[in-house]
Amino acid sequence: MTRLALHERLFRKVMMGLPALLVVLSGLVSWLAPGSVRAQSLLVQPYLQVASPESIRVLWETSEGDESLVYWGLTDQLGEVSVGESLAGEGSSRIHDVLLQGLSPDTRYHYKVVTGAVGSEIYEFQTPPLQSSEMPFRLLAMSDMQQAWAHPDKFQEVVHDGVLSYLAQEYSEDVPAELAMTLVPGDLVDNGWAYDQWADTFFGPAHPLFAQVPVYPALGNHENDTEYYFQYFHLPDNGSPGFEEHWWYLDYSNLRVVGLDSNSSYATQDQLSWLEG
């Protein structure tokens, strides 16, 4: 083989391998580049918990990132910021929990959440009135929204075509003014051990209801007493020592809401004594 023929053969081999090399390099650049599939994202949109006349908690989940900021104020210009904490979710995800304090009773607030480069839309909530006011209010109670495989979109239909549409038709589209809280007495998901079900079949279909109205769940048998339930929810910590979020109570105006755990492992004298006390 002449030297020229040898050079031509080597050149053809290099050129044949070049597309594969470019694909590898392109994938590497894409993996490293900002805005790639590894970029932060909101896995669970903001939701509200433990509202009092002077405070409220805002929670959300991101694909990564520890920063936990809530910008809030009396108008959509916001102006205030509160810093919270995050805890490990699944893999690199983080569940964020921020307590807003120094609020006024029966007052409308605007807020948005921020973690790194990710921010939510601006939502609104209304703080509860003082207990002494005994103001009337509406609450929503619904349960067993675990996904039925024959009707996988039923919970979303209930929230959007049922609750939100009903409020708009019968009262107004101002959800925080028309609804004080949502109670969920068990069976939020089909299998509490299945991480994806929490975002995909509970929080996702319920949005934006829980971003405007606090949600208060109680444990059902489908939650399987898993860590995910206690990671996602920050409930009143006024239950028996060691069982604070298994049973709890919350006061709103002249109503006391009590959350109990009726699962057999927790049907104990501790819970009964707490309830009677």
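A closer look at the pairing of strand 7 (residues 108-115)
Within strand 7, seven of the eight residues are buried, which leaves it mostly tucked inside the rest of the structure. Relative to strand 7, strand 3 (residues 69-73) runs antiparallel, the two being bridged by five bridges. When the bridges of strand 7 are listed, Y71 appears paired with K112. Direction of pairing for strand 7 relative to strand 8 (residues 118-119): antiparallel, over a ladder of two bridges. Following the sheet pairing, T115 is matched in strand 8 by V118. Hairpin remark: strand 7 followed by strand 8, antiparallel, with two residues in the connecting loop; positive phi at G116, about 60°.

A look at the side chain of Q147
Looking at where Q147 falls in the secondary structure, it is placed in the loop between strand 10 (139-141) and helix 2 (154-170). A distance of 3.2 Å separates a polar side-chain atom of Q147 from the backbone oxygen of P152. Setting aside residues no more than four positions away along its own chain, Q147 makes contact with P152, D190 and T201.

Let's talk about helix 4 (residues 195-206)
An α-helical turn contains 3.6 residues, so a residue and the one three or four places further along point in the same direction. Taking 1.5 Å as the rise per residue, helix 4 with 12 residues should run 16 Å; its terminal C-alpha atoms sit 17 Å apart, in good agreement. Of all 12 residues that make up helix 4, nine are buried, and the element is covered over most of its length. For helix 4, the set of buried residues is Y195, Q197, W198, A199, T201, F202, F203, P205 and A206.

Some remarks on the packing of aromatic side chains
Following the criterion strictly, the structure yields 24 aromatic pairs and no others. When the ring of Y166 is compared with that of Y171, the centres are 6.2 Å apart and the planes differ by 70°; the resulting orientation is edge-to-face. Residue classification places Y171 among the partly exposed positions, given a relative accessible area of 39%. Considering the side-chain rings of Y229 and F233, the 5.2 Å spacing of their centres and the 55° angle between planes classify their relative orientation as tilted. Taken together, the ring pairs connect Y47, F155, W198, F202, F203, F210, Y229, F230, Y232 and F233 into an aromatic cluster. Taking NZ or CZ as reference, R138 lies 3.5 Å from the ring centre of Y171, over its face. When the ring centre of Y249 is taken as reference, the NZ or CZ atom of R256 above it lies at 4.0 Å.

Side note on the nonpolar core
Ranked by size, the top nonpolar core spans 59 residues in total, and within it Y47, Y111, L209, Y232 and F233 carry the most contacts. Here this core gets six residues from one element, more than from any other, and that element is helix 4.

Some words on the pattern of salt bridges
Close approach of charged atoms lets side chains of opposite charge pair. One pass over the structure, following the stated rule, counts seven salt bridges. Note that D97 and R57 form a salt bridge whose closest N and O atoms lie 3.0 Å from each other. Of this pair, D97 sits in strand 6 (residues 94-100) while R57 is found in strand 2 (residues 56-62), placing the two residues 40 residues apart along the sequence. On the basis of relative accessible area, R57 is assigned to the buried category, the value being 18%. The partner of E178 in a salt bridge is R138, and the shortest N-O contact between them spans 2.9 Å.

Focus on the confidence of the model for the protein chain
With 86% of its residues at a pLDDT of at least 70, the protein chain reaches an overall mean of 89. This stretch, residues 18-37, has a pLDDT under 50; its non-local contacts, to residues over four places away or in other chains, come to three contacts.

Observations concerning the environment of L235
Of note, L235 is situated in the loop between helix 6 (227-232) and strand 13 (248-252). Between the C-alpha atoms of L235 and A218, which are 17 residues apart in sequence, the distance is 9.4 Å. Residues contacting L235, with those up to four places away along its chain left out, are Q49, V50, Y216, P217, Y229, E245 and W248.

What counts and what doesn't
Residues numbered from 1 in each chain as written. Predicted model: local features only at pLDDT ≥ 70, side-chain atom pairs only at ≥ 80, totals over all residues. Heavy atoms only, no water. Buried < 20%, exposed > 50% of the residue type's maximum accessible area, 1.4 Å probe, protein only. Helix = DSSP H or I, 4+ residues; strand = E, 2+ residues; numbered from the N terminus. Pairing = 2+ DSSP bridges. Polar contact = N/O pair within 3.5 Å; in protein donor to acceptor, adjacent residues only side chain to side chain. Contact = heavy atoms within 4.5 Å. Expected span 1.5 Å × (residues − 1). Phe/Tyr/Trp six-rings, centres within 6.5 Å; stacked < 30°, edge-to-face > 60°. Lys NZ or Arg CZ within 6 Å of the ring centre and 35° of its normal. Core = buried A, V, L, I, M, F, W, Y, C linked by side-chain atoms within 4.5 Å. Salt bridge = Lys/Arg side-chain N within 4 Å of Asp/Glu carboxyl O. pLDDT = per-residue confidence, 0-100.

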